[in-house]
Amino acid sequence: MTYCCGWQSNSAAFVIADAAVTSPGITKPEDRTSFGELDAQGVDRCVEEAALKVNPIGCTAVTFAGSSRAGRLIEEYFALELNAGVSPSAALEKVVHSSDLRSLRSEAQLIAAYHDEGHPRLVSWNAGGNGVVLGHFNDVQVGSVKEVYRKITKNLLGGVGRLSIDPTRELVNALALCQSYGSFFYLMDQGVGGVFSGAYVDASGFHWQPDILYVLLDGSLNCASGVSVIMRGNVLIADSAVLGGVRVFGNTISSDCDPISFNAAVAESESVFKSAR
């Protein structure tokens with residue numbers, strides 16, 4: 001399935017999500033995520049790192065858990081309503097109650113973060129599996145991750161929410177925590193894992209996460225490997241020393257990266273990691 005969460009502070013609303021995708025079929029036994037997590041293989045399904053699930057739709061940050069087909073379809077309808085001038089909460093209500101999408105209630109969950117009337121806003125659809133659109137004052141989590149990890153995330157978000165820190169730092173703190181779950185515990189068999197992405201929305205608009213270098217330590221706390229993650233043109237690029245290569249994630253909703261800037265972003269990602277070493 002996946003793991004997504006959203007929360008808000010006094011000045012911004014945030015969303016983050018993993019990159020795991022569950023689909024029919026099989027994977028190669030040696031296939032791993034950018035962070036070295038082994039792809040999961042079931043009787044009739046596989047789980048692999050394969051998608052960017054955080055999307056900017058205007059000045060709204062959106063993410064979803066569940067069926068990729070259902071999630072993307074809901075986002076596309078949502079984007080049409082936002083582009084027509086409908087507010088995010090009203091647009092979501094309109095979309096999920098449309099006759100075209102009513103049958104998707106059991107297939108996806110969605111979180112949207114935006115800024116309205118001088119305040120950050122956080123809204124979800126189907127977070128409780130009941131097809132309801134809800135506003136949230138604190139945090140909301142959706143997907144297939146177990147309750148123990150949800151509690152850890154909630155404790156962090158509750159703690160940083162009481163601090164007056166820069167929203168970029170707040171986003172990085174949450175990304176680092178969620179990314180660490182897969183380093184300590186195998187979660188791909190729960191449909192969760194791969195590189196996490198995130199964004200926040202404040203009074204000035206939508207903001208992607210900053211460039212991040214994750215340093216992976218061995219049992220003696222020595223640097224064993226690293227992964228640099230950057231966003232360029234709504235495309236996520238993970239340069240992984242674990243895999244010895246670069247992986248790129250985008251989607252048809254949010255990608256506006258031309259080939260020249262894309263190639264420059266890949267080269268920049270490689271440079272970031274080499275200089276950090």
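Rules of the game
Residues numbered from 1 in each chain as written. Predicted model: local features only at pLDDT ≥ 70, side-chain atom pairs only at ≥ 80, totals over all residues. Heavy atoms only, no water. Helix = DSSP H or I, 4+ residues; strand = E, 2+ residues; numbered from the N terminus. Pairing = 2+ DSSP bridges. Axes fitted to C-alpha atoms, helices over the stretch in contact; angles between N-to-C directions. Contact = heavy atoms within 4.5 Å. Phe/Tyr/Trp six-rings, centres within 6.5 Å; stacked < 30°, edge-to-face > 60°. Buried < 20%, exposed > 50% of the residue type's maximum accessible area, 1.4 Å probe, protein only.

A. Quick look at the environment of V227. Of note, V227 is situated in strand β15 (residues 223-232). In the structure, V227 is positioned 11 residues away from A238 in sequence and 6.6 Å away in space, judged by C-alpha atoms.

B. Representation of the sheet that holds strand β13 (residues 205-208) within the structure. Read from one edge to the other, the open sheet built from 5 strands follows the order β11-β1-β2-β12-β13, with strand pairing classed as antiparallel. At either margin of the open sheet sits one strand with a lone partner, and together these are β11 (139-143) and β13. Within the sheet, the average angular offset between the axes of one strand and its neighbour, ignoring direction, is 15°. In this structure, strand β1 (residues 3-8) lies alongside β11, joined through 5 bridges in antiparallel fashion. Across the sheet, the residue bridging to W7 is D139, located in β11. Sheet contacts for helix α4 (residues 167-184): β1, β2 (13-17) and β12 (197-202); angle to β2, the most-contacted strand, approximately 25°.

C. Broad picture of the packing of aromatic side chains. This model, assessed by the stated rule, comprises 7 aromatic pairs. When the ring of W7 is compared with that of F14, the centres are 4.7 Å apart and the planes differ by 0°; the resulting orientation is stacked. Here W7 falls in the buried class, since its relative accessible area comes to 1%. Measuring from ring centre to ring centre gives 5.2 Å for F35 and Y214, while their planes differ by 80°; the resulting arrangement is edge-to-face. Residue F35 is located in the loop between β3 (20-23) and β4 (40-41), and its partner Y214 is located in strand β14 (residues 212-217); the two are separated by 179 residues in the primary sequence. Pair check on accessibility: F35 and Y214 agree, each one buried. Taken together, the ring pairs connect W7, F14 and Y200 into an aromatic cluster.

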